[in-house]
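Tertiary structure, described
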Amino acid sequence: MQHVLIVEDDIQQNNLIRKTIQKQYKDWIIDSATSYDAALTLLQTSKSPYTIFLLDIQLSLSKGDRGGFFLAKEIRKQSIYYTTPILFLTAISDEGYYALSEFHCYNYICKPYTPLDLLYQLEQMLITGYLQNLIRIKDTQQIHH
């Protein structure tokens, strides 16, 4: 079972992402936030660790806002999340390389994307064992520490 954190400030997009994932993966736990601060609160209060993050890069209407990148930095500072997959959601395609290299994210999807695009990325993580392997690593870390 996966524990997903969606951070998308557009409420319609946020709901669409949540519904798309819930429809395909009924047993996954999905939390969502619409702001950087709300996401930080969820990170601090979650009873179980997240196994994947879906982060919008631009978390407000302010031009130049890169709240998703700042959030990724905060996520990576926590040792339990150092290798947890991040899938960035972006309206600006040239930010993809920066996201991949700076945050070692799994991948990114450029807006506008379809529910099938989102599901494809999630399925690739499952097919390759990327999510499953991370869960085993985290379980092992919890047992030994």
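Preceding this section is the structure that the text describes.
Because the structure is a prediction, the values reported are computed rather than measured.

What counts and what doesn't
- The residue count restarts for each chain, going from 1 along the sequence in the order it is written.
- Per-residue local features are limited, in this predicted model, to residues with pLDDT of at least 70; the limit for side-chain atom pairs, both in listing and counting, is 80 or more; totals at the level of whole chains, interfaces and linings are taken over all residues.
- Water and hydrogen atoms were dropped before computing side-chain values, which therefore reflect all heavy atoms in the structure.
- For helices the rule is a DSSP run of H or I covering at least 4 residues; for strands it is a run of E covering at least 2, with both sets numbered from the N terminus onward.
- Any two residues whose heavy atoms approach within 4.5 Å are treated as being in contact.
- Working definition of accessibility: Shrake-Rupley area with a 1.4 Å probe, residue cover restricted to the visible protein chains.
- Throughout, exposure labels follow a simple rule: accessible area from a 1.4 Å probe, protein chains only, divided by the maximum for the residue type, with under 20% read as buried, over 50% as exposed, and the rest as partly exposed.
- In this count, Lys and Arg are taken as positive residues and Asp and Glu as negative ones, while His and the chain termini are left out.
- We define a salt bridge as a contact between a side-chain nitrogen of Lys or Arg and a carboxyl oxygen of Asp or Glu at a distance within 4 Å.
- Within 3.5 Å is the distance limit for a polar contact, defined as a pair of N or O atoms, with the added protein rule that one can donate a hydrogen and the other accept it, and that residues adjacent in sequence qualify only through two side-chain atoms.

What follows concerns the overall build of the protein chain. Helix and strand content of the protein chain: 6 helices and 5 strands. Considering only contacts in the protein chain between residues 6 or more positions apart, those separated by 24 or more positions represent 64%. As presented, the protein chain carries roughly 8000 Å² of accessible surface, and 55% of it is formed by carbon and sulfur atoms.

What follows deals with the side chain of aspartate 31. Along the chain, the position of aspartate 31 falls in strand β2 (residues 29–33). It is arginine 18 that comes nearest to the buried, bridge-free aspartate 31 among opposite-charge side chains, at 5.5 Å. A distance of 3.0 Å separates polar atoms of two side chains, one belonging to aspartate 31 and the other to histidine 3. At 2.7 Å, the side chain of aspartate 31 forms a polar contact with the side chain of tyrosine 50. Ignoring any residue separated from it by four or fewer positions in sequence, one finds aspartate 31 in contact with His3, Val4, Leu5, Ile6, Arg18, Leu42 and Tyr50.

The values reported here are purely geometric and, on their own, carry no functional implication.
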